[in-house]
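Descriptive structure summary
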Amino acid sequence: MQIDQLSYGSDQSGLICGYVFEPGKAGTAIHADDMLRRLQTRQDSNDGSFVWLHFNLANVAAEKWMHEHSRLPEAFYEMLHEGSRSTRIEHANDGLIAVVNDVLHDFSFEASDIATLWLCVEQNVMISARRKPLQSVDRLRNAVNQGELFHSPTELLTHLLRDQADVLISIVRNSIKRVDDIEDNLLADRLNPKRVKLGELRRVLVRLQRLLAPEPAALFRLLQKPPAWVAESDVQELRQSTEEFAMVLSDMASLQERIKLLQEEIAASVNDQNNHSLFVLTVVTVLALPINIIAGLFGMNVGGVPLAQHESGFWIVVAIVATFTVIAGWLAFRRRD
């Protein structure tokens, strides 16, 4: 059965894609029978070849199949059911197990668009598993399909981490563009605060940083004492990718601080608008106060109302009201200045 490389579906075992890498050759998709044979004999294989298998955990058969055929460390299965999804990489027997967080394939700046990838890397096999389609893994699959050469599972892991960093860089760039547009509209006094979504954007960045911040420290600890089968060149590549990833996290933290300052500036602008509206309402109330008082006094149906019989009484009252209104307005605007 040929593995489908175009869709995000999986076969009956939960496998999305499988590749075998021969020395000096690009990765090629493998059949199910060949996949089982290579897994069963991987500890005895010394020809430099290795395999990468990628599973869909949304398929209930995937975990059962891995239990029966892959002989992965028990710690890997414990990771699958842990409540904590914080990024980390740990030693397990003679291999590595990792929890890597990434954004979904159709990421739309929603906090729920972040999911987890689980990895187990050994000398001649890398097994990855996820529940939702992720961008970094998709980029790695495209690189393999386009014929890029990989010499070890560690190179696959390094490429995956760099793809993850590239995805984050793209997110930061898009976020910066959105923040720039909001800031330009704010400076031009064209901003509608009700439509500003800085809070949602900042919430996504905070969650990404919270999940991804432990990754550089975990990698640096790993690089201090890597497994014996990891080549020195792979260690250097991992160290470089870790430094690049740490820089991306630093840029993300700076962007969060910028969003926070912009939110404070928008809040101050909204507060000024509210104060201005309150002032206008106060002025209108003050200007209407003499009219209401005098109208109330002269409208009482009692005897002795002044100017009731005077031929110019109406205009005299109008003059009195206008005078008091002008005085009240002058006092109000003088205090405002």
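Please refer to the structure higher up on the page.
Throughout this description, residue numbers start from 1 for each chain and increase along the sequence as written. Restriction of local features to residues with pLDDT of at least 70 applies here, the model being predicted, together with a cutoff of 80 or more for giving and counting side-chain atom pairs; totals for whole chains, interfaces and linings are based on all residues. The side-chain quantities take in all heavy atoms of the structure and omit both hydrogens and water.

1. Here we look at the overall build of the protein chain
Helix and strand definitions follow DSSP, with helices as H or I runs of at least four residues and strands as E runs of at least two, each counted in order from the N terminus. The helix and strand tally for the protein chain stands at nine helices and seven strands. The C-alpha atoms of the protein chain give 34 Å as radius of gyration, which overshoots the globular expectation for 337 residues (20 Å, by more than 25%). By principal-axis analysis of the C-alpha atoms, the protein chain measures approximately 120 × 40 × 35 Å. For each residue, the accessible area found with a 1.4 Å probe, counting protein chains only, is set against the maximum for its type, and the residue is called buried under 20%, exposed over 50%, and partly exposed in between. Taken over 337 residues, the protein chain has a buried fraction of 42%. Just to be clear, the radius of gyration here is over C-alpha atoms, and the globule rule we use is 2.2 Å times residues to the power 0.38.

2. Points about the environment of N59
Mapped onto the fold, N59 is located in the loop between β3 (50–56) and α2 (60–69). In sequence terms N59 and S13 are 46 residues apart; their C-alpha atoms lie 7.9 Å from each other. Here a polar contact means two N or O atoms within 3.5 Å. Within protein one must be a hydrogen donor candidate and the other an acceptor candidate, and residues neighboring in sequence count only if both atoms are side-chain atoms. One polar contact links the side chain of N59 to the main-chain amide nitrogen of A61, over a distance of 3.0 Å.

3. Focus: the pairing of strand β1 (residues 15–21)
Here β1 lies mainly inside the structure; seven of its seven residues are buried. Sheet topology note: the β1/β3 ladder contains six bridges and is antiparallel. In the sheet register, L15 faces β3, and the bridge partner there is F55. At least two DSSP bridges between two strands are required for those strands to pair. Where β1 and strand β2 (residues 28–29) come together, two bridges link them in antiparallel fashion. Bridging across to β2, Y19 finds its partner in A29. Between the antiparallel neighbours β1 and β2 lie six residues, among them G24 with a positive phi of about 80 degrees.

4. Focus on the packing of helix α5 (residues 153–187) against helix α6 (residues 198–212)
Direction vectors running N to C along α5 and α6 enclose 155 degrees, while the axes themselves pass 11 Å from each other. With respect to each other, α5 and α6 are oriented roughly antiparallel. Every pair of crossing elements has a handedness; the one defined by α5 and α6 is left-handed. The residues of α6 that touch α5, namely those facing Q164, L168, I171, S175, R178, V179 and I182, are L198, L201, L205, L208 and L212. The class makeup of the residues in the contact of α5 with α6 is nine nonpolar, two polar and one charged. To obtain each axis, a line is fitted to C-alpha atoms, and for helices this fit is confined to the stretch in contact; angles are then taken between N-to-C directions over 0 to 180 degrees. Any angle between 65 and 115 degrees counts as roughly perpendicular, while under 35 counts as roughly parallel, over 145 as roughly antiparallel, and the rest as oblique. Crossing handedness follows the turn of the near helix against the far one: under a right angle anticlockwise gives a left-handed crossing, and clockwise gives a right-handed one. Residue contacts follow a heavy-atom distance rule, with two residues in contact if any of their heavy atoms lie within 4.5 Å. In the scheme used here, Gly and all other residues not listed as nonpolar or charged are polar, with Ala, Val, Leu, Ile, Met, Phe, Trp, Tyr, Cys and Pro taken as nonpolar and Asp, Glu, Lys and Arg as charged.

5. Re the sheet that holds β3
Spatially, β2-β1-β3-β7-β6-β5-β4 is the arrangement adopted by the seven strands of the open sheet, whose pairing is mixed. Single-partner strands in this sheet number two, and they are β2 and β4 (88–92). Sheet strands in contact with helix α4 (residues 135–145) are β1, β3, β5 (95–103), β6 (114–122) and β7 (125–130), and its direction is about 40 degrees off that of β1. Here helix α7 (residues 214–224) sits on the sheet in contact with β4 and β5, set at roughly 30 degrees to β4.

6. Notes on the nonpolar core
Counting 32 residues, the largest nonpolar core has F21, W52, L119, F150 and L156 as its most contacted members. Secondary-structure elements contributing two or more residues to this core are β1, β3, β5, β6, α4, α5, α7 and α8 (232–298). F150 has contacts with F21, F50, L140, A143, V144, E155, L156 and H159, leaving out every residue within four places of it along the chain. Counting residues in hydrophobic clusters, the runner-up holds 27 residues, among them V172, I182, L249 and I259. In this text, buried Ala, Val, Leu, Ile, Met, Phe, Trp, Tyr and Cys residues form a nonpolar core when linked through side-chain atoms within 4.5 Å.

7. Here's the deal with a nonpolar patch on the surface
Taken together, the side chains of L289, I293, L297, F298, M300, V302, L307, I316, I320 and F324 make up a nonpolar region of the molecular surface, amounting to roughly 850 Å² of accessible area. Put simply, the parts of the chain that give the nonpolar patch at least two residues each are α8 and α9 (313–336). Broken down by element, the nonpolar patch gets its largest block of residues, four residues, from α8. Checked against the element boundaries, L297 lands in helix α8. Patches draw on residues past 30% relative accessible area with no salt bridge. Two like charges within 9 Å are joined, as are two nonpolar side chains (Val, Leu, Ile, Met, Phe, Trp, Tyr) within 5 Å. The accessible surface values rely on the Shrake-Rupley method and a 1.4 Å probe; as for residues, cover is taken only from the protein chains in view. Here, a salt bridge means any side-chain nitrogen of Lys or Arg that lies within 4 Å of a carboxyl oxygen of Asp or Glu.

8. Remarks on α7
Within α7, the full set of buried residues consists of E215, P216, A218, L219, L222 and L223. All buried residues of α7 fall inside an arc of 165 degrees around its axis, so they share one side. Turned more than 90 degrees away from the buried face of α7 sit R221 and Q224, all of them exposed. Summarising the contacts, the buried residues of α7 are in contact with β4, β5, α5, α6 and α8. Regarding the arc, it is the one traced by the directions from the helix axis to the C-beta atoms.

9. A word on the pattern of salt bridges
Taken as a whole and assessed by the stated rule, the structure comprises six salt bridges. For the salt bridge of E244 with R162, the shortest nitrogen-to-oxygen distance reads 3.9 Å. Highlighted residues: E244 in helix α8 and R162 in helix α5, separated in sequence by 82 residues. Relative accessible area serves as the criterion here: at 34%, E244 is assigned to the partly exposed category.

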